[in-house]
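# A closer look at the structure
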Amino acid sequence: MALYKTDMYIAEYAYPLDSMMEDELIYLYQPLIGIEGYTLYNLLYTEAKRMDRFHVLCPVDRLLIYSGLSLTRLQEVLETLEAIGLLKTYRNSEDGKTKYLFRVQMPLSINHFFANQILTTLLIHTIGRDDVMRVRDYFRIAGEKMTGYEDITARFQDVFDIRLNDKPPLKTKFNYAHKKEANIIYDYDLSLFYETLRDYQLPAYIIDNEKDFIVQLAVVYNVDAIALASLTRESVIDNRFDRELFKKKCQEFYNLNSTSQLSEVYHIQPEAYRSQHTANDPISQHLNYLETISPYQLLKEKQGGKEPVMHDLAIAETLMTQLDLTPGVVNVLLEYVLGNNNQTLNRSYCETIGASWSRKHLHTAKEAYEAVMGYERTRNGEKPKQSPAQNVQERVNDDDFMKLIEELKGETS
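Given the structure is predicted, the values throughout are model-derived calculations rather than measurements. For every chain, the first residue of its written sequence is number 1, and the numbers climb from 1 along that sequence. A pLDDT threshold of at least 70 governs which residues receive local features in this predicted model, and a stricter bar of 80 or more applies before side-chain atom pairs are shown or counted, although totals over entire chains, interfaces and linings include all residues. Water and hydrogen atoms play no part in the side-chain values, which are based on all heavy atoms of the structure.

Attention shifts here to the pairing of strand β3 (residues 87–92). Between any two strands, at least two bridges found by DSSP are needed for them to pair. Counting from the N terminus, the helices are the DSSP runs of H or I reaching at least four residues and the strands are the DSSP runs of E reaching at least two. Both β3 and strand β4 (residues 99–104) contribute to a ladder of six bridges, which runs antiparallel. Its bridge partner lying in β4, Leu-87 is registered against Val-104. Between the end of β3 and the start of β4, which pair antiparallel, lie six residues, with Asp-95 showing a positive phi angle near 60 degrees.

Here is the structure:
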């Protein structure tokens, strides 16, 4: 919005503040919105209380005088209050005159604030974890131990006798304001997230009550929808969603993406680890292709020329940085997993295979494909080759080997 000094405004409040809410604004919100935000919030709330009795439009210039803010800064602080859920702003431009309604919202309750992963994480990073725990203790109530006590609270029907034909039947009507807590509005498209979860065959009921928690952490740690589905699946243990495990995985995802900046996925196979091809058959051509492009290029091709998603790139980066796999070996692994997992890269599946190949010290695309053939033969119930010293070219030209490569190329291209 573009504010002018001559614009008019009126202020309202959604619900009266009590002393607990005032303390919450100081300890929980002020570190996030700053002293200017806290001051402007209290100014608007005070205006709203007065205007509740004296309903009159005032010029925006009045806010500048009382807040000491410039017009530009006033607009910025208003938007800060809006974004954190403490203010609703409405505009009316009828008759060529611009009027604003500033409706002050009550802060979140203590429980709801600390259940919100966005606000809690930001507060920890602002004042430190120790101070957050100290603030949390400020709001704890030292209640009486209930041992030996009996609940003797009177019930409604014990006190009141409802006789509708009597006038009056002790009937009182109060016009209470509706309690409306502050709320943060954030956009996150979950359609691809749920579509990916269906591919994982993860029952929706497991995470139905965790949606807000999952989205809040996705916003905090900048997790894309596909990666979010993968991290969610990996955080379900025995059909139960583990919040702490999910939060840890989101932090790991963020740390990987923010520190490494995905530098390794753009590298191609070093000359020292390229397969020695003496023939020009289709297998040799394909292995040579996998050793002359980077994992980034391979994933981009599998996406039809579109930019690969961060989830897939992060998996490839992990395979190269943490398991020390060469680009050619990673390309074989990516092609194999995509071809056998419905065009989806599952992090744990990729890392399990990658760890095995790392222990075997595989360096070339040819060695990786021979390992793939071993998996396929074992899965099909066949006995593995007896001697690794058999003629390598004979194994590379195996009909089943060629068939496997063609299947993977066809399914992922």
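Relative to the helices and strands, Arg-347 is located in helix α16 (residues 347–359). As a C-alpha pair, Arg-347 and Thr-318 span 29 residues in sequence and 9.3 Å in three-dimensional space. Contacts are residue-level and defined by heavy atoms, with any inter-residue pair within 4.5 Å sufficient. Excluding anything up to four places from it in sequence, Arg-347 contacts Ser-230, Glu-234, Phe-253, Ala-314, Ile-315 and Thr-318.

Between N-to-C directions, angles span 0 to 180 degrees; the directions come from axes that are lines fitted to C-alpha atoms, helices contributing only their stretch in contact. Contact geometry of helix α5 (residues 117–127) with helix α9 (residues 211–220) gives a least axis separation of 8 Å together with a crossing angle of 40 degrees. By the criterion of interaxial angle, the relationship of α5 to α9 is oblique. Each of Gln-117, Ile-118 and Thr-121 in α5 lies in contact with α9, whose residues at this interface are Phe-213, Gln-216, Leu-217, Val-219 and Val-220. Note on angle classes: values under 35 degrees are labelled roughly parallel, values over 145 roughly antiparallel, values of 65 to 115 roughly perpendicular, and the remainder oblique.

Attention now goes to helix α10 (residues 225–234). Relative accessibility under 20% of the residue-type maximum defines a buried residue, over 50% an exposed one, and the middle range a partly exposed one, all with a 1.4 Å probe and only protein chains included. With respect to burial, α10 is a largely interior element, nine of its 10 residues being buried. Looking only at α10, the buried set comprises Ala-225, Ile-226, Ala-227, Leu-228, Ala-229, Ser-230, Leu-231, Thr-232 and Glu-234.

Attention now goes to the environment of Arg-73. In this structure, Arg-73 sits in helix α3 (residues 71–83). You can call Arg-73 partly exposed: its relative accessible area is 32%. C-alpha of Arg-73 to C-alpha of Glu-36: the two residues are 37 residues apart in sequence and 9.3 Å apart in space.

Attention now moves to the sheet that holds β3. Here we have four strands laid out as an open sheet, ordered β2-β1-β4-β3, and mixed in their pairing. Since the sheet does not close on itself, it has two edges, and those belong to β2 (58–59) and β3, each with one partner. Relative to β4, strand β1 (residues 8–13) is paired through six bridges, and the arrangement is parallel. What sits directly across from Ile-10, in β4, is Leu-101. Against the sheet, helix α1 (residues 19–51) contacts β1, β2, β3 and β4, and its axis sits at roughly 85 degrees relative to β1.

Turning next to α1. In an α-helix, one turn spans 3.6 residues, which is why side chains three or four residues apart end up on the same side. Taking 1.5 Å of rise per residue, the 33 residues of α1 would be expected to cover 48 Å, yet its terminal C-alpha atoms sit only 21 Å apart, more than 12% below that figure. Remark: the principal bend of α1, roughly 120 degrees, maps to Gly-34. The definition of a polar contact used here is a pair of N or O atoms within 3.5 Å, where within protein one atom must be able to donate a hydrogen and the other to accept one, and adjacent residues in sequence count solely through side-chain atom pairs. The opening residue of α1, the one whose side-chain oxygen lies 3.2 Å from the backbone nitrogen of Met-20, is Asp-18. Given the number of residues in a helix, its expected span is that number minus one, multiplied by 1.5 Å. A residue's bend is the angle separating two fitted axes: one through the seven residues that end there, the other through the seven that start there.

Once that is clear, we can look at the confidence of the model for the protein chain. When pLDDT is averaged across the protein chain, the result is 82; 81% of the residues are at 70 or more. Scored below 50 in pLDDT, residues 170–176 shows one contact in the model against residues more than four places distant or in partner chains. Think of pLDDT as the predictor's per-residue confidence, scored from 0 to 100.

The next point concerns the pattern of salt bridges. Any Lys or Arg side-chain nitrogen found within 4 Å of a carboxyl oxygen on Asp or Glu counts as a salt bridge. Tallied over the entire structure, the rule returns 11 salt bridges. When the shortest N-O distance is used, the salt bridge between Glu-47 and Arg-62 registers 2.7 Å. Taken together, the residues span a long stretch of sequence, with Glu-47 in helix α1 and Arg-62 in helix α2 (residues 61–67) at a distance of 15 residues. Exposure remark for Glu-47: the relative accessible area of 8% places this residue in the buried category. Since its relative accessible area comes to 28%, Arg-62 is described here as partly exposed. In this structure, the salt-bridge partner of Glu-351 is Arg-347, at a minimum N-O distance of 3.7 Å. Residue Glu-351 and its partner Arg-347 are both found in helix α16; the two are separated by four residues, about one turn of the helix.

As a further point, take the packing of helix α14 (residues 310–321) against helix α15 (residues 327–340). Viewed as axis vectors pointing N to C, α14 and α15 meet at an angle of 135 degrees, and their least axial separation amounts to 10 Å. One way to sum up the angle between α14 and α15 is to call them oblique. α15 is crossed by α14, and the crossing has right-handed handedness. From α14, Ala-316, Leu-319 and Met-320 reach across to α15, where they touch Pro-327, Val-330, Leu-333 and Leu-334. In this classification, the charged set is Asp, Glu, Lys and Arg, the nonpolar set is Ala, Val, Leu, Ile, Met, Phe, Trp, Tyr, Cys and Pro, and all remaining amino acids, among them Gly, are polar. Its residues assigned to classes, the contact of α14 with α15 shows seven nonpolar, no polar and no charged. Each crossing gets its handedness from the near helix: less than a right angle anticlockwise from the far helix is left-handed, clockwise is right-handed.

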